[in-house]
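Structural features, examined
Below, each chain spelled out in residue letters.
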Amino acid sequence: MAPLLAARGVSKSFFGNPVLRDVSIALQPGRVHALLGENGAGKSTLINLLSGALRPDGGTIEVDGRAVARMTPAHARQAGIAVVQQELSLTASLSIAENIGLGAYPKRFGLVDYSALAARAKAACELVGLHEPLSTPVGRLPLGRRQMVEIAKALYRKPRVLILDEPTSSLSATETKILTDLLERLRSEGIAILYISHRLNEVMTLCQHVTVLKDGICTADRTLEGTDAAGLVRLMVGRDPGDLFPQWRPSASPANAVSVRNFSAGLMRDVDLDIRTGEVLGIGGLVGQGQEDLLLGLYGAIPARTASATINGTPGLPGGVPRANALGLAYVPADRKREGLHLIHTITTNMMLPAFARLPALKLRSRRAERETARGLAAQLGIKGDLARQAQALSGGNQQKVALAKWMPHDPVVLLLNDPTRGVDVETKREIYLMLRAFAAAGKAVVLLSSDTPELVHLCERVAVVRDGRIAAMLERAALSEEAIVSAAMGAENRKVAA
Amino acid sequence: MSTVSSARPAVALYWPVQARRNIGVRSLFVVVLAFLIAYGFLFPGLFSASGFAKFTQSWFPLALVAMAQAILMLTGGISLAIGATVSLGAVIAATTMAGPLGVTGGAAAVALTGLGIGAATGFIVVRLRLPAIVVTLAGSFIIGGAALLILPRPGGAIPEWLSDLLAGDTPTAFVLLIVIVLLWKLYLATPLGLSLYAAGENPVGAYRSGVPVDAARVAAYAISGLLSTGAGLFVAAQTGSGDPVIGAAFTLNSIAAAVLGGIGFLGGQGTMRGALAGSLLLSLMISVMFFLGFTPVAQYVAQGLIIIGAVAIPQFRKVQQ
Amino acid sequence: MAVLSSRPFLTVAIVAAVWIAASFASRGFGAYGHLRYLVELGAVIGLVAAGQTFVVIAGGIDLSVAAIVTVSAISLPLLSWQADPTGLAPVLVVLALTTIIGLVNGLGVALLRVHPMIMTLAMATFLQGLLIIIAGGSAVTAENPLVHWLGNARPAGIPAGVLLWVAVSVIVLTVMHATPFGARIFAMGANPLAAALSGVPVTSTTLAVYGISGFTSGLAGVLVLGMNGQGYVGIGDPYLLASIAAVVLGGTSILGGLGTYAGTIPGAILLVTITALITVVNASPGWRSILFGSLILGLLLLSGREQARR
């Protein structure tokens, strides 16, 4: 049987960085096909090629066994291909129904047929368990519900091929269950489904076939039968999971680098926290519980209140980023492109920015000294190539290195890291891990906020699990395990380890 | 699919959606109402037929340019050529309507010019990817120059009956405004009209969903041009003649009205009813200041302060929270 | 090679080409005196555009520059102190005033978070009203020796206004490209959030940028007053579009974060050249306006395309 949708030997590069190399995939009707790979392995790019949002540099896209010369989103829609993107395609100011029908409204006399739209949108909403009034503006829905709207939007188009890019990352357990049941039913109706997820247990139960990408190359294309989760991880990582993390010796000292009492910022309410010098303190929990606000509040980037605070021996919170920098705090944001880097500026300029921010405003710059510093940092972190290139020419991993490197000349005492390995290739991950531990061993404090639980387990002296704006548990090294973190994050308490 | 769409359950959608859109502008409506009441006290003649007619006539052109600017801002664009386009509409009306083309032909010429200018601007901004602010700034010189060519100094004429009809003692302007608003509602109920919001707020997502983003944006520019020259026609009818620079003040006032009405600069934020309320508020403020004995100059000063205040205060509250 | 493909160089090349072509077509055009006159006119635009370049690179826009030029050109004649024979004191007072106007713009943008376009447009409206109250409709004559010197003197054959422009250009280019302050402005314009998280003091930098724009616009007002001898309401009006056009034609991105004053300088001269050419054509005001707008639009099409940003 010809696959409904297939890619044959496709390649794609961005800014000269190959992202996909000679990758093939075939989506068969009535099959849930898993696409696995590390962040940055090229999954999203492959989806964009399959759905016509991008065009391959080499290779072909086939629909029903026939090669399509210039695939566009319009072609893809006509061929019955629907995509649930990770970055939502919704418009906040429009209602649920208007979003679901967007681009494919039912018409009567040239006008949008609102009653037909309502009926069809309602049918799609019922499939995914959305019961909010259809007139609700999408901007008023929480993230998980928006994701369900996005899925309903794909179903509204009655797709033959359904591509879902990490659909469950922002869903609750109930919503996930609804979705998996739904996908099972769609599969039995003969729809081809491509399913991308980091949750291996979901993949094991839902999918029949798997394609694994690693650094842009297809490392496996096989049925899931006879494979276990550990086997999948080996395929993705290319080595045993244990090798990823460096060996290290606890280096925490009893002295506090940061100490706050009754600290509130953003979602965080009345938190007590001590960060010791020489430790890597992990911050875990489900997405969006206030972890980020904790870091940003300490860093002075958002308003914060506290009963008492001591940072690096100085009483009081910084109250502003320049002051935080002066106190020895440095922050590396999660979203490199939006918060961490100036993509249109050179690598050198990016590396020098914290220096520009703290030098006297009208002191003359020395371009040569800047180049020297940047070259030194690049050598230290293994960033290769011309440093006068724009930062957007770098791969995700190297961008992250630049975002880290720019703080190094300022010798920060406390390093606040927000998900530093998100979308970073395995090698860079390992380098970042080594750097963190070396940093802690040198007597500095590292705060590692991470959505990657194994990272917290394998790298941290202690992990603070945040739930609902509070530190739900402070897990000491001896009590650290993925289960302990997850159960604390979900609220299934094991209070014996709570600090 | 056929089973779903043939069964028509009584799911009301259109009106609830419309009602939802009022939520963001309720407080604005209250402010406008307060100003209306104050104005009614200062000028009781408002409640006579001719007083109401005069009042709506002073509001009408501002309402049109506010809509013209709002539709662009909804798509993430902006125009600094609105004033010049109004002037061009006025001089075309004043030179054609009393001439061989007659009122119908003149009105058609005004409308076609507006659509053409708008579409051309839209094409340059959207398809050639030049920044809207610079294109429309340069465009204001071209359009203003064209107005000067057609009518180098104030002159021309509008047939008297048309002036009487539009700017006399009958509330024709108000009726026209209602018709225009209804036409706008109709446009917003078409797939192309509704995609304005998506094209302005999330163009990438909209494109992936199959929305003709470029077409929606070019259409917005064309409609904006039509509304602007239409405002020019009305202004010419009000004064009975054409003036090649009469529209100058409308550029700033259109942006001010739209922003007062809650339209954002980033695209997809705000509603047309808000922009209309904003234009009414601005028009009322100008009238109230006039009746309080402000000189036209002091009005400028007050207007500048009010606009900043109206934009800054909500922002300031947000920051405080 | 990098120099040849750079935008400032491209703009200089266009100016040179236009000058050479025009001097063949029209005899008086290429004369030293005429070219000197063009550069002198360009100095006013160049000064206004200096502040505008800072603001645009920082990710904003200043639509109040024309009104500030007028404020400067009208309020200066009103301040005449017999006690100060040099005329320096009133000039300093006026420059302080226009800088404060700029700082108020900056306060609105940075602290009240008003969109720069609205803030500066509203400021322009406000100033316009204020000016009519102060000056009425009549022109005011300046009797300030310093201003007169600036507008008319030619030390070593070079107009004083051009010398002022050269001095300002050197300072602006130095601040923009050779100080941490300049680097902060580029960072803010390219990505304000990332700049703030890197420790750039965003509020004070924004204030400074709009303050600079007020200052250079004030300086341009002083110069235009000296060249004109009289100030009147509307004297600054041509400089709004001209300043923005000079910035954009010079290769600075209207989206912020990229650009240089080195491009704005030839951009300003290109604009006065275009205006002079249109005058040579001897067309009606309508045609002149159309030609001016079309040429700017045409030049934008040639060189003003924004590179796509992700």
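Calculation notes
Residues numbered from 1 in each chain as written. Chains lettered and ligands numbered in written order. Predicted model: local features only at pLDDT ≥ 70, side-chain atom pairs only at ≥ 80, totals over all residues. Helix = DSSP H or I, 4+ residues; strand = E, 2+ residues; numbered from the N terminus. Rg over C-alpha atoms; globule rule 2.2 N^0.38 Å. Buried ≥ 20, exposed ≤ 12 C-beta atoms within 10 Å, placed from the backbone. Contact = placed C-beta atoms within 7 Å. Nonpolar A, V, L, I, M, F, W, Y, C, P; charged D, E, K, R; others polar. pLDDT = per-residue confidence, 0-100. Pairing = 2+ DSSP bridges. Axes fitted to C-alpha atoms, helices over the stretch in contact; angles between N-to-C directions. Parallel < 35°, antiparallel > 145°, perpendicular 65-115°, else oblique. Left-handed = near helix turned anticlockwise from the far one by under 90°. Expected span 1.5 Å × (residues − 1). Core = buried A, V, L, I, M, F, W, Y, C linked by C-beta atoms within 7 Å.

Side note on the overall build of chain B
Across its full length, chain B holds 15 helices and zero strands. Computed over C-alpha atoms, the radius of gyration of chain B comes to 20 Å, within 12% of the 20 Å expected from 2.2 N^0.38 for 321 residues, which places it in the range of a compact globule. With the C-alpha coordinates of chain B rotated into their principal frame, the extents come out at 60 × 45 × 40 Å. Within chain B, the proportion of its 321 residues that are buried is 54%. Within chain B, residue pairs in contact and separated by at least 24 positions form 79% of the contacts whose partners lie at least 6 positions apart.

Things to note about the interface of chain A and chain C
Taken together, the 27 residues of chain A in the interface contact 23 residues of chain C. Those elements that provide at least two residues to the side of chain A that touches chain C are helix 10 (321-326), helix 11 (336-340) and helix 12 (347-358) of chain A. Counting residues per element, the side of chain A that touches chain C draws most heavily on helix 12 of chain A, which supplies six residues. Looking at the side of chain A that touches chain C, its residues break down into 16 nonpolar, six polar and five charged.

So, the confidence of the model for chain B
Residue and element names in this part refer to chain B. Chain-level statistics for chain B give a pLDDT mean of 85 and a share of 94% at 70 or above. Averaged pLDDT values over the elements of chain B bottom out at 39 in helix 1 (residues 2-6) and peak at 94 in helix 12 (residues 213-239). Predicted confidence is poor over residues 1-10, with pLDDT under 50, and the contacts of this stretch with residues over four places away or in other chains come to 12 contacts.

Points about the interface of chain C and chain B
Many descriptions give the size of an interface as the accessible area lost when the pieces come together. Listed by partner, the interface residues are 38 residues for chain C and 36 residues for chain B. Contributions of two or more residues to the side of chain C that touches chain B are made by helix 5 (116-135), helix 11 (239-249) and helix 13 (285-303) of chain C. Here the element with the most residues in the side of chain C that touches chain B is helix 13 of chain C; it accounts for 13 residues. Split into classes, the residues belonging to the side of chain C that touches chain B amount to 23 nonpolar, 11 polar and four charged.

Observations concerning the sheet that holds strand 2 (residues 17-27) of chain A
All names here are of chain A. Strand order in the open sheet made by the four strands is 2-1-4-5, with antiparallel pairing throughout. A strand with exactly one partner marks an edge of an open sheet, and here the two such strands are strand 2 and strand 5 (66-68). Each strand axis lies, on average, 35° off the axis of its neighbour in the sheet, ignoring direction. Bridging between strand 4 (residues 58-63) and strand 5 involves three bridges; their strand directions are antiparallel. Each residue of the ladder has a partner; that of Glu62, found in strand 5, is Ala67. Lying over the sheet, helix 1 (residues 43-50) contacts strand 1 (5-14), strand 2 and strand 4, oriented at roughly 120° with respect to strand 1.

Focus on helix 11 of chain C
Judged by how many residues are buried, helix 11 of chain C sits mostly within the fold: 11 of 11 residues are covered. Along helix 11 of chain C, the residues classified as buried are C:Tyr239, C:Leu240, C:Leu241, C:Ala242, C:Ser243, C:Ile244, C:Ala245, C:Ala246, C:Val247, C:Val248 and C:Leu249.

Structural notes on the packing of helix 3 (residues 26-42) of chain B against helix 14 (residues 272-291) of chain B
Residue and element names in this part refer to chain B. Contact geometry for helix 3 and helix 14: axes closest at 9 Å, N-to-C directions at 30°. Relative to helix 14, the element helix 3 is oriented roughly parallel. Handedness of the crossing formed by helix 3 with helix 14: left-handed. Mapping the contact onto sequence places Leu28, Phe29, Val31, Val32, Phe35, Leu36, Ala38, Tyr39 and Leu42 in helix 3 and Gly274, Ala277, Leu280, Leu281, Leu284, Met285, Ser287, Val288 and Phe291 in helix 14. For the contact of helix 3 with helix 14, the residue count by class is 16 nonpolar, two polar and no charged.

So, helix 5 of chain C
Residues and elements named next belong to chain C. Taking 1.5 Å per residue, 20 residues should reach 28 Å; helix 5 reaches 27 Å between its end C-alpha atoms and fits that length. A large share of helix 5 lies buried, amounting to 15 of its 20 residues. Taken from the residues just after helix 5, Gly136 is the one with a positive phi, measuring 65°.

Brief notes about the sheet that holds strand 23 (residues 470-476) of chain A
Residue and element names in this part refer to chain A. Spatially, the six strands line up as an open sheet ordered 19-20-21-15-22-23, and their pairing is mixed. The sheet is open, and its two borders are formed by strand 19 (329-332) and strand 23, each paired with just one other strand. For this sheet the average axis-to-axis angle between neighbouring strands, irrespective of direction, equals 20°. For strand 15 (residues 280-284) and strand 21 (residues 445-449), the ladder comprises four bridges, and the chain directions are parallel. Pairing of Ile283 across the sheet is with Leu449, part of strand 21.

A closer look at unusual backbone geometry
Located in the positive-phi region is A:Asn312, a residue other than glycine, with phi close to 55°. Its place among the elements puts A:Asn312 in the loop between strand 17 (308-311) and strand 18 (314-315). Owing to 17 C-beta atoms within 10 Å, A:Asn312 belongs among the partly exposed residues under this scheme. Non-glycine residue C:Ala156 carries a positive phi angle of around 55°. Looking at the element boundaries, C:Ala156 is found in the loop between helix 6 (145-152) and helix 7 (160-178). On the basis of neighbour count, C:Ala156 is assigned to the exposed category, with 5 C-beta atoms found within 10 Å.

Focus: the pairing of strand 21 of chain A
Along strand 21 of chain A, five of the five residues are buried, which leaves the element largely enclosed by surrounding structure. Residues A:Ala445, A:Val447 and A:Leu449 of strand 21 of chain A are buried on one face, and the alternating residues A:Val446 and A:Leu448, pointing to the opposite face, are buried as well.

A word on the nonpolar core
If you look at the biggest cluster of nonpolar residues, it comprises 366 residues, and the most contacted ones within it are A:Ala152, A:Leu416, A:Val446, A:Val447, A:Leu448 and B:Met67. Broken down by element, this core gets its largest block of residues, 16 residues, from helix 12 of chain B. Dropping the residues within four chain positions of it, A:Val446 is found in contact with A:Val280, A:Leu281, A:Leu415, A:Leu417, A:Leu436, A:Phe439 and A:Ala440.

A closer look at the packing of helix 12 of chain A against helix 13 (residues 367-381) of chain A
Residue and element names in this part refer to chain A. Packing of helix 12 against helix 13 leaves a shortest axis separation of 9 Å and a crossing angle of 95°. The angle between helix 12 and helix 13 falls in the class roughly perpendicular. Contacts from Ile347, Thr348, Met351 and Met352 of helix 12 reach helix 13 at Glu370, Arg371, Thr373, Ala374 and Leu377. Of the residues contributing to the contact of helix 12 with helix 13, the split by class is five nonpolar, two polar and two charged.

Observations concerning the environment of A:Leu49
Residue and element names in this part refer to chain A. Relative to the helices and strands, Leu49 resides in helix 1. Judged by local crowding, Leu49 falls into the buried class, with 24 C-beta atoms found within 10 Å. Taking the C-alpha atoms as reference points, Leu49 and Thr72, 23 residues apart in sequence, are found 9.1 Å from one another. Beyond its immediate chain neighbours, meaning those up to four positions away, Leu49 contacts Ala7, Val10, Lys12, Leu54, Pro56 and Ile61.

Side note on the pairing of strand 19 of chain A
All names here are of chain A. Side chains of strand 19 alternate between two faces, with Leu329 and Tyr331 and Ala330 and Val332 buried alike. Where strand 19 lies against strand 20 (residues 414-418), four bridges are found, and the strand directions are parallel. Bridge pairing links Tyr331 to Leu416 in strand 20.

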